[in-house]
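These are the residues of each chain, in order.
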Amino acid sequence: SQYSAVDTNPLSVYIMQPIWNKIIKIVPLWIAPNLLTFSGFVMILFNYFLISFYDWDYTASGTSPGLVPTWVWLFSAFTTFCAYALDSIDGKHARRTQSSTPLGELFDHGLDSWATSIFVLSFFSVCSRDNGKTGVSVYTMYLYLSIVLFNFMCSHWEKYNTGVLFLPWGYDISQVVLIAAYLLTGTVGVEVWQKPLLFGYYITDVLVILLIGFSLFLSFPQTLYNIHRAHLKKTLKNDSLYEGLLPLVSPLLLFALLTVWVVLSPSNILAKQPRLFLWMVGVAFSNVICKVIICQMSSTQPELFHWFLFPLALVVYAAISGLLGCTEEAVLGVFTALVTAAHVHYGVCVGRQLSEHLNIYIFSLKKRVQE
């Protein structure tokens, strides 16, 4: 299927696009577009692990403001901007080198589905977790992450039904806000997040309120409207309501199971291991959404239950019924490692299959020689 995307965000159209059009001219023509996509993702990952090293349990900014060195925040601003730029020019570069492929589209959106959660998890280190005076609670973090992922899911569910990816306005805005937040933290210090901004509200409160408002009153209604409009124009990809709603079943069940674990965990697992748990949420979500993206690109029907829900349901049941006892944290650790390994393995396999099928290399513009 031909890739089609619509971007109506004024920030993107009037400010960012002209910047990307300048940057793209510096990229040598021999570089494969997927290399740009992947480099951006690696930078986000590296930055995430760097912040995790200084602030594993999200307390550094709240309790001892100097724990994360200033250069780390400035480096975060730099890597976030680079990743944002690379993610924005990879498609332009593919058209410029006449190397647009379904593999590139899947690679881009697949990595985006994972990067989305990593951006959010890195940002939590800035505002730190609740220590009684400042910061946000780990439950707010979980809610915040869920809403961001819900938005991501909506835009791909919309594409599954309409065939067009309406680029969410939230993307450009969130990237610019992230970069600004890191720069602010690097120049002023984390204390800026710990003083009330307006009427006793903190910057973090304002951001959470904006995010929730933005999702519920802008993004989600826009998604429903776009699908409704396609229905009126008779351009919907799926005839039945069942087929149209099918891709939502697994992601929603995933969130239901995870939320049950968060709420009913005997050892309060989210408070004990917020970084591990939220990372696992992001990876699991990415795997479920990648399947939807593949189905949408290949015009096939997604299965009702993603395989992943079964082991997760077992773990959640064992945890909340008290079967795991004091091993709950250890089991979360093992489970997170397995989920991450399974997701990486899945990505490598799909990439290999597509590169063989399309007769291209993933990271090179050279053509494969026919066997």
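As the structure is a computational prediction, the values presented were derived from the model and not from experiment.

Participant: I would appreciate a short explanation of the UniProt feature "transmembrane region" (unreviewed entry) in the chain in the present structure.
Facilitator: As recorded in UniProt, the feature "transmembrane region" (unreviewed entry) lies at residues 26-50, 70-86, 136-154, 197-220, 241-264, 276-294, 306-324 and 330-348. Across residues 26-50, helical content stands at 72% and strand content at 0%; the span's end C-alpha atoms are separated by 28 Å.

Participant: Even after reading the chapter, I still don't get the environment of Thr300, so can you show me in this structure?
Facilitator: Counting through the fold element by element, Thr300 comes out in the loop between α11 (274-298) and α12 (309-320). Judged by relative accessible area, Thr300 falls into the partly exposed class, the value being 40%. For the pair Thr300 and Tyr160, spaced 140 residues apart in sequence, the C-alpha to C-alpha distance is 9.9 Å. With near-sequence residues (within four places) excluded, Thr300 lies in contact with Tyr160, Ile294 and Cys295.

Participant: What's the story with empty space enclosed by the protein in this structure? I'm lost.
Facilitator: Sizing a probe to match a water molecule and rolling it over the atoms shows the empty space that remains. Evaluation of the coordinates by the stated rule reveals three cavities of 30 Å³ or more. The volume enclosed by the largest cavity comes to roughly 80 Å³. Forming the boundary of the largest cavity are Leu246, Pro247, Ser250, Val288, Lys291, Val292, Cys295, Pro302, Glu303 and His306. Among the secondary structure elements, those contributing two or more residues to the lining of the largest cavity are α9 (241-264) and α11. Of the residues belonging to the lining of the largest cavity, the class tally is six nonpolar, two polar and two charged. The volume enclosed by the second largest cavity comes to roughly 50 Å³.

Participant: I would appreciate a short explanation of a nonpolar patch on the surface in the present structure.
Facilitator: Side chains of Leu197, Leu198, Phe199, Tyr201, Val206, Ile209 and Leu210 sit close together on the surface and give an oily, nonpolar patch of about 760 Å² of accessible area. Following the sequence through the fold, Ile209 ends up in helix α8 (residues 203-232).

Participant: What's the story with the environment of Val288 in this structure? I'm lost.
Facilitator: Locating Val288 in the fold gives a position in helix α11. For the pair Val288 and Val348, spaced 60 residues apart in sequence, the C-alpha to C-alpha distance is 16 Å.

Quick notes on the rules
- Residues numbered from 1 in each chain as written.
- Predicted model: local features only at pLDDT ≥ 70, side-chain atom pairs only at ≥ 80, totals over all residues.
- Heavy atoms only, no water.
- UniProt positions renumbered as here; feature names shortened; annotations may be inferred.
- Helix = DSSP H or I, 4+ residues; strand = E, 2+ residues; numbered from the N terminus.
- Buried < 20%, exposed > 50% of the residue type's maximum accessible area, 1.4 Å probe, protein only.
- Contact = heavy atoms within 4.5 Å.
- 1 Å grid on protein atoms, 1.4 Å probe; cavity = no way out; pocket = protein on both sides within 12 Å on 5 of 7 lines; lining within 4 Å.
- Points joined across faces, edges and corners; volume = space filled by probe spheres on them.
- Nonpolar A, V, L, I, M, F, W, Y, C, P; charged D, E, K, R; others polar.
- Patch = residues over 30% accessible without salt bridge, like charges linked within 9 Å, V, L, I, M, F, W, Y side chains within 5 Å.
- Areas by Shrake-Rupley, 256 points an atom, 1.4 Å probe, with all protein chains shown as cover.
- Salt bridge = Lys/Arg side-chain N within 4 Å of Asp/Glu carboxyl O.

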